[in-house]
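Observations on the model geometry
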Amino acid sequence: MSFECLRCGACCRWEGAVKLVDDEVDKIASYLGMDVNDFIRDHTGITPDRQHLSLLSKSDGSCEYLGENGCLINPVKPRQCREFPEKWNFPGWMDECASGRELKKQQSTAKQL
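Please read all numbers here as calculations on a predicted model, not as lab measurements.

With that settled, consider the nonpolar core. Core analysis: the largest hydrophobic core is formed by eleven residues, namely V18, L20, V25, I28, A29, F39, L55, C63, Y65, I73 and V76. Elements with a minimum of two residues in this core: β1 (18-20) and α2 (24-31). At three residues, the largest contribution of residues to this core is made by α2. Filtering out sequence-adjacent residues up to four positions away, I73 remains in contact with I28, Y31, L32, L55, Y65 and P78. Counting residues in each nonpolar core, the second largest holds six residues, with F3, A10, W93 and C97 among its members.

Listed below in C-alpha cells is the structure:
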C-alpha cells in the first residue's frame, strides 16, 4: 500500500511555511510568466528561521496557489509539497486527506484479512 495523491488540497490548507529551495523560485516565476524579482517581492516571504524564502499564504492560512481545482502551480510545485506525507505531515493528516483516508481504509482491510 502506498500513498497516491488525490489532489484534495488538505495539505495545502495546513498553516505554515512552504520553503522554496534550490531553483524553485526561478521555476515557479517562469511557469507564472513573471520576472523572478517581481515574484520574490510579491509572492514570497522569509521562513521563521530566516533561512529560506517561502510561498505566501492566504488570510485563512492556506497556500496562495491553492485553487478550486487544486494546485495552480502543480507542474513546478515545491519539493516540500511533493514530499507530503512521506517527509512531512501534520497531526490527523490521514483523517483530513482524501488519500490518507483511503490508505487508512486499505490498512484496516489488510489487518482484517
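On to the layout of surface pockets. What the largest pocket holds in volume is close to 670 Å³. Around the largest pocket sit 39 residues that line it, and C11, Q80, C81, F84 and W88 are the ones nearest its centre. Of all the secondary structure elements, the ones that give two or more residues to the lining of the largest pocket are α1 (10-13), β1, β5 (70-71) and α4 (79-82). For the lining of the largest pocket, the residue count by class is 21 nonpolar, nine polar and nine charged.

Moving on, we come to the packing of α2 against helix α3 (residues 36-43). Two elements in contact, α2 and α3, have axes separated by 9 Å at closest approach and are oriented at 100 degrees. When the interaxial angle is binned, α2 and α3 end up roughly perpendicular. Listed contacts from α3 to V25, D26, I28 and A29 of α2 are V36, F39 and I40. Of the residues in the contact of α2 with α3, the class split is six nonpolar, no polar and one charged.

Each value, and the rule that gives it
Residues numbered from 1 in each chain as written. Predicted model: local features only at pLDDT ≥ 70, side-chain atom pairs only at ≥ 80, totals over all residues. Heavy atoms only, no water. Core = buried A, V, L, I, M, F, W, Y, C linked by side-chain atoms within 4.5 Å. Buried < 20%, exposed > 50% of the residue type's maximum accessible area, 1.4 Å probe, protein only. Helix = DSSP H or I, 4+ residues; strand = E, 2+ residues; numbered from the N terminus. Contact = heavy atoms within 4.5 Å. 1 Å grid on protein atoms, 1.4 Å probe; cavity = no way out; pocket = protein on both sides within 12 Å on 5 of 7 lines; lining within 4 Å. Points joined across faces, edges and corners; volume = space filled by probe spheres on them. Nonpolar A, V, L, I, M, F, W, Y, C, P; charged D, E, K, R; others polar. Axes fitted to C-alpha atoms, helices over the stretch in contact; angles between N-to-C directions. Parallel < 35°, antiparallel > 145°, perpendicular 65-115°, else oblique.

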